[in-house]
Structure formats: structure tokens, C-alpha cells
Amino acid sequence: MVNSQVTGGACASRSCAGCGGRIADRFLLFSMERYWHTRCLKCSCCQAQLGEIGTTCYSKGGMILCRTDYI
């Protein structure tokens, strides 16, 4: 997971993989080869916002997981 700061109009055409909305936030996340609003990248099991609980996320069976649910 990468937390990036958007500069200028660099992400004007990027849409969030979670909600499908245009990403106009100051920060965005890049995970699983897709861009996300920081509020939209959540663990598939516990719904924790992954940008708030750490700098890594895990994937198993097509699900995005926090460390606890991955283990």
C-alpha cells in the first residue's frame, strides 16, 4: 500500500476502486494496482480503514485484508 500526496491536477482522471468516485482528495492510496480514497480502502472482513491502521495491507482469495484478519 502506498500513500501518495496528489500534486497539481495529477489525479483528475483517477477514480476510486472502492466507491467509483473521482479522487480529488489531497492524499490517495495505491494498492492492488488500483487507486483508492483513504476512507475507501477497508479490510474485507472487519471493515477497518487500512490507511488509518498501518502502511501495509494483505490480499488472499481476492479480498483485501488487515494484518489480523490475514493471519
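Procedures and definitions
- Residues numbered from 1 in each chain as written.
- Predicted model: local features only at pLDDT ≥ 70, side-chain atom pairs only at ≥ 80, totals over all residues.
- Heavy atoms only, no water.
- Helix = DSSP H or I, 4+ residues; strand = E, 2+ residues; numbered from the N terminus.
- Buried < 20%, exposed > 50% of the residue type's maximum accessible area, 1.4 Å probe, protein only.
- Areas by Shrake-Rupley, 256 points an atom, 1.4 Å probe, with all protein chains shown as cover.
- Phe/Tyr/Trp six-rings, centres within 6.5 Å; stacked < 30°, edge-to-face > 60°.
- Lys NZ or Arg CZ within 6 Å of the ring centre and 35° of its normal.
- Core = buried A, V, L, I, M, F, W, Y, C linked by side-chain atoms within 4.5 Å.
- Contact = heavy atoms within 4.5 Å.
- Pairing = 2+ DSSP bridges.

- For the protein, the name recorded in an unreviewed UniProt entry is LIM zinc-binding domain-containing protein, with Cirrhinus mrigala as its organism.

**Observations regarding the overall build of the protein**
Okay, step 1: Of regular secondary structure, the protein possesses two helices and five strands.
Okay, step 2: When its helices and strands are written in sequence order, the protein yields β-β-β-α-β-β-α.
Okay, step 3: Within the span of the protein, comprising 71 residues, buried residues form 24% of the whole.
Okay, step 4: When the accessible area of the protein is evaluated, it comes to approximately 4600 Å², of which 47% is carbon and sulfur surface.

**Re the packing of aromatic side chains**
To describe a pair of aromatic rings, one takes the distance between the centres and the angle between the planes.
Okay, step 1: One pass over the full model with this rule turns up two aromatic pairs.
Okay, step 2: Residue placement shows R14 over the ring face of Y35; its charged tip is 4.2 Å from the ring centre.

**With respect to the nonpolar core**
Okay, step 1: Among the nonpolar cores identified, the biggest contains nine residues, and these are L29, W36, L41, C43, L50, C57, I64, L65 and C66.
Okay, step 2: Residue contacts for L65: discarding those within four places in its chain leaves C43, S44, C45, L50, C57, Y58, K60 and Y70.

**Describing the pairing of strand β2 (residues 27-31)**
Okay, step 1: Pairing between β2 and strand β3 (residues 34-36): three bridges, direction antiparallel. Bridged to S31 within β3 is R34.
Okay, step 2: Taken together, β2 and the strand that follows it, β3, pair antiparallel across an intervening segment of two residues, in which M32 is found at a positive phi of about 60°.

**What about the environment of G51?**
Okay, step 1: Within the secondary structure, G51 is located in helix α1 (residues 50-53).
Okay, step 2: A relative accessible area of 36% means that G51 is categorised as partly exposed.
Okay, step 3: Sequence separation between G51 and L29 is 22 residues, and the spatial gap between their C-alpha atoms is 7.6 Å.

**Focus: the environment of I71**
Okay, step 1: Position of I71 relative to the elements: it lies in the segment after α2 (67-70).
Okay, step 2: Judged by relative accessible area, I71 falls into the exposed class, the value being 71%.
Okay, step 3: Considered as a pair, I71 and Y58 are 13 residues apart in the sequence and their alpha carbons are 9.5 Å apart.

**Things to note about unusual backbone geometry**
Okay, step 1: You will see that E33, though not glycine, has its phi angle at about 65°, which is positive.
Okay, step 2: Tracing the backbone shows E33 in the loop between β2 and β3.
Okay, step 3: In this structure, Q47 is a non-glycine residue whose phi angle is positive, near 65°.
Okay, step 4: Relative accessible area serves as the criterion here: at 47%, Q47 is assigned to the partly exposed category.

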